Amino acid sequence: MVDTQAPRSRRFTQPGRDGVLALLVKIVFLGIVVGTAIAITPALVSDGSWFFLVCVWLIVAVLVATYATGRALPGKYLVPGTLLLALFVVLPIGITIKTSFTNYGDGTRNSKDDTIAQIVGSSVTRSDSSPQYELTVATEGDPVKGPFTYFLVPQDDPEKVFTGTADGLEATDPGAVTLANGRVSAADGYTVLNIKQISAAADTLDEIAVPTDDGNFIVRSGTSEAFEGAPTLKYDESADTITDTTNDTVYSIKQVGDRELFVDSAGKRLSDQSWTANVGFRNYQKIFTDSRISSDFLRIFVWTVIFATVSVVSTFLLGLFFAMTLNDPRVRGQKIYRALLILPYAIPGFISLLLWSSFYNQDFGLINDLTGLNVNWLGSATMAKIAVLLTNLWMGFPYMFLVATGALQAIPEDLTEAARLDGAGGFAGFRRITFPLLLVTVAPLLVATFAFNFNNFGAIYLLTGGGPFSPDNPTAGGTDILISYTYRLAFGAGGVQIGFAAAVSTVLFVITGVVAALQFRATRSLEDVN
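Residues numbered from 1 in each chain as written. Predicted model: local features only at pLDDT ≥ 70, side-chain atom pairs only at ≥ 80, totals over all residues. Heavy atoms only, no water.

If you look the protein chain up in an unreviewed UniProt entry, it shows as Maltose/maltodextrin transport system permease protein from Nocardioides luti. UniProt, in its Sequence similarities (unreviewed entry) section for the protein chain, records the words "Belongs to the binding-protein-dependent transport system permease family. MalFG subfamily." In its Function (unreviewed entry) section, the UniProt entry covering the protein chain states "Part of the ABC transporter complex MalEFGK involved in maltose/maltodextrin import. Probably responsible for the translocation of the substrate across the membrane." (UniProt positions renumbered as here; feature names shortened; annotations may be inferred.)

This is the structure in structure tokens:
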């Protein structure tokens, strides 16, 4: 007998209508979103981050409009993915491209106003009548990087306490801090730095000059004292110059390389400090016109393409060979063999690379010991490239083995059986039936693997460090690919050049995108097979 009545425990909700639990989850979720936006709004306003403020409230508006009403049912499924795509893909790309048009890096991290204040503040001199302070250095952030706050107690009036930053000097309630021997020893919300920490952060602390209402500055003297003095440098905002009042030397702005500096009439710099500025396409011009960069760029680009192509082809062929072999039902112990073959994939990549780096040691390496060879694997460019490809093959074939195994098992046996009945032998059946159907599945993964290896920084950096290097060219190594080469250019001995690194990253992004697009276009012919 068939029960024609629907179970009472089953309840259905009309599209766009939520149950009680879903409604509660929705309320809590939207409450967290709106509360978070309200909480971070004051910080964004104080920093003048208007773009991010608009983005935050635009996201809030979209989420509320989508989930607080029942009208945008498709949007409930599209909005999360779209927002994640925008936040973690589009936004980083946009920030990178924007940074590529600046000179942001070492010596140019501050704004122009902050840089001028630091230069003028560094010229403060002490006089006999300079007020003296007991100094306590504290931070609300990192003890090395800051931001730092000075707690100042006047030596002639120990009942008062001031807090000083680069923004100015403010009076503080003495009851809000702990005083010991005329010095602030603790303050709520702050970490007081000891002498060792102050020494570690000395370079940053030397740039701090606390401006006072009298036009003077308070600077530290040692680790526990500070004094107020007048600067000998004076900034003229209308003329955009700095004048040294001790000898009337005028320093004006001059473009030097990718940064602007204050120099006198003879070209002598007042300071090496500069500021973040828009440099247009100068970073991109540097990539293609600077002989130090362009001379090695083409050679490294060719090797990068070879490295990515050989890595993909070799790992795929070896993985496919093992997959085909173990896909034969006549092979016994398939599970054991498959488990053994994916072991290299189970070891963390950085450990594998460091181990293989030691294996290639000419004197004590495992490879030369086992084979009886005396090959200087990492000493010559050719052998180092072979070592890189062999290591990448060992690390990459298990992934291709898994992919090919899954794809082979998805091919209907009826097709291979029909090919066999039509007279197609083993290799002919594989070439005409199995392999084309296999490519339909794995072709997008091969394209993605090529793009990954095109920027496989870890394999090069941990295995060879980009080397070997020749004495006359310590910048470009024998195994450098584009990403490791540009890393050395941007973060090498010349200091951090984030703006230039962003420009190189943008160029690599375009190259990788174009190559991947061409490869995807080439795989369209496989759609006919499907």
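A. Region of interest: the overall build of the protein chain. Per the secondary structure count, the protein chain includes 19 helices and 15 strands. For 530 residues, the compact-globule estimate of 2.2 N^0.38 gives 24 Å, and the C-alpha radius of gyration of the protein chain, at 33 Å, exceeds that figure by more than 25%. Seen along its three principal axes, the alpha-carbon backbone of the protein chain occupies a region of about 105 × 80 × 45 Å. Every one of the 530 residues in the protein chain was classed for burial, and the buried ones make up 35%. In the protein chain, once contacts between residues fewer than 6 apart in sequence are set aside, the share between residues at least 24 apart is 59%. (Helix = DSSP H or I, 4+ residues; strand = E, 2+ residues; numbered from the N terminus. Rg over C-alpha atoms; globule rule 2.2 N^0.38 Å. Buried < 20%, exposed > 50% of the residue type's maximum accessible area, 1.4 Å probe, protein only. Contact = heavy atoms within 4.5 Å.)

B. Broad picture of the pairing of strand β14 (residues 249-256). Pairing of strand β13 (residues 241-244) with β14, which is carried by 4 bridges, proceeds in the antiparallel orientation. Pairing of Thr241 across the sheet is with Ser252, part of β14. Between β13 and β14, which follow one another and run antiparallel, lie 4 residues, and Asp248 among them has a positive phi close to 60°. Examined bridge by bridge, β14 and strand β15 (residues 259-263) share 5 bridges and lie antiparallel to one another. Across the sheet, residue Val256 finds its bridge partner in β15, namely Arg259. Between β14 and β15, which pair antiparallel one after the other, the connecting turn spans 2 residues, and Gly257 there sits at a positive phi close to 65°. (Pairing = 2+ DSSP bridges.)

C. Structural context of the pairing of strand β3 (residues 146-154). Where burial is concerned, most of β3 is hidden: 8 out of the 9 residues are buried. One ladder, built from 8 bridges, connects strand β2 (residues 132-142) with β3; its direction is antiparallel. Paired with Leu135 across the two strands is Leu152, which belongs to β3. Hairpin remark: β2 followed by β3, antiparallel, with 3 residues in the connecting loop. Pairing geometry for β3 and strand β4 (residues 161-165), over 3 bridges, is antiparallel. Paired with Phe151 across the bridge in β4 is Thr163. Hairpin connection from β3 to β4: 6 residues lie between these consecutive antiparallel strands.

D. Geometry of the packing of aromatic side chains. Here the structure, examined in full by the defined rule, presents 23 aromatic pairs. Taken together, a centroid distance of 5.7 Å and an interplanar angle of 40° make the contact between Trp356 and Tyr360 tilted. For the pair Trp356 and Tyr360, one class covers both residues: buried. Ring centres 6.0 Å apart and planes at 40° place the aromatic pair Phe450 and Phe454 in the tilted group. Of this pair, Phe450 and Phe454 are both found in helix α15 (residues 426-454), 4 residues apart, which corresponds to roughly one turn of the helix. Taking relative accessible area as the criterion, Phe450 reaches 8% and is therefore assigned buried. Residue Phe454 is classed as buried on the basis of its relative accessible area, which comes to 1%. (Phe/Tyr/Trp six-rings, centres within 6.5 Å; stacked < 30°, edge-to-face > 60°.)

E. Quick peek at helix α7 (residues 282-289). For α7, the full list of buried residues reads Asn283, Tyr284 and Ile287. One side of α7 carries all its buried residues, which in axial view fall inside an arc of 100°. Those residues of α7 that are buried lie in contact with α8 (291-326) and α18 (498-522). (Arc of directions from axis to C-beta.)

F. Structural detail: the pattern of salt bridges. One pass over the full model with this rule turns up 8 salt bridges. Notably, a salt bridge pairs Asp480 with Arg488, separated by 2.5 Å at the nearest N-O pair. Here Asp480 falls in the buried class, since its relative accessible area comes to 1%. (Salt bridge = Lys/Arg side-chain N within 4 Å of Asp/Glu carboxyl O.)

G. Layout of the UniProt feature "transmembrane region" (unreviewed entry) in the protein chain. When the UniProt feature table is mapped onto this chain, "transmembrane region" (unreviewed entry) is found at residues 20-44, 50-70, 77-95, 300-324, 336-357, 437-463 and 498-518. End C-alpha atoms of residues 77-95 are separated by 27 Å, and the span's content is 100% helix alongside 0% strand.

H. Geometry of the packing of α8 against α15. Close contact between α8 and α15 brings their axes to 10 Å; oriented N to C, the two are set at 140°. Classified by the angle between their axes, α8 and α15 sit oblique to one another. When you trace α8 past α15, the crossing you get is right-handed. Taken together, the residues of α15 that come into contact with α8 (itself represented by Phe301, Thr304, Val305, Phe307, Ala308, Thr309, Ser311, Val312, Phe316, Leu320 and Met324) are Phe430, Phe435, Leu438, Leu439, Val442, Leu446, Thr449, Phe450, Asn453 and Phe454. Tallied by class, residues from the contact of α8 with α15 come to 16 nonpolar, 5 polar and no charged. (Axes fitted to C-alpha atoms, helices over the stretch in contact; angles between N-to-C directions. Parallel < 35°, antiparallel > 145°, perpendicular 65-115°, else oblique. Left-handed = near helix turned anticlockwise from the far one by under 90°. Nonpolar A, V, L, I, M, F, W, Y, C, P; charged D, E, K, R; others polar.)

I. Expanded view of the sheet that holds β14. Spatially, the 4 strands line up as an open sheet ordered β12-β13-β14-β15, and their pairing is antiparallel. Sheet topology places β12 (233-236) and β15 at the edges, where each strand pairs with a single neighbour. Here the average twist between neighbouring strands, direction ignored, is 30°. Along the sheet, helix α4 (residues 112-121) contacts β12, β13, β14 and β15; its crossing angle with β12, the most-contacted strand, is approximately 155°.

J. Representation of the nonpolar core in the model. If you look at the biggest cluster of nonpolar residues, it comprises 37 residues, and the most contacted ones within it are Ile287, Phe316, Leu438, Val442 and Leu446. Sorting the residues of this core by element identifies α7, α8, α13 (381-410), α15, α17 (482-491) and α18 as the ones contributing at least two each. No other element matches α8, which puts 9 residues into this core. For Ile287, the residues in contact, after removing those within four places along its chain, are Ile293, Ser294, Phe297, Phe500, Ala503, Val504 and Val507. Core analysis: the next-biggest nonpolar cluster, separate from the first, contains 15 residues, Val137, Leu152, Leu193 and Ala201 among them. (Core = buried A, V, L, I, M, F, W, Y, C linked by side-chain atoms within 4.5 Å.)

K. Fine view of the environment of Gln132. Mapping Gln132 onto the fold places it in strand β2. Linking Gln132 and Ala226, residues 94 residues apart in sequence, is a C-alpha distance of 6.0 Å. Those residues in contact with Gln132, other than ones at most four positions away along the chain, are Arg126, Val153, Pro154, Gln155, Ala226 and Phe227.

L. Structural context of unusual backbone geometry. Note that the residue after Gly467, namely Pro468, is joined by a cis bond; omega there is 5°. You will see that Asp240, though not glycine, has its phi angle at about 55°, which is positive. Inspection of the secondary structure assignment puts Asp240 in the loop between β12 and β13. In this structure Asp240 comes out as partly exposed when scored by relative accessible area, which is 22%.

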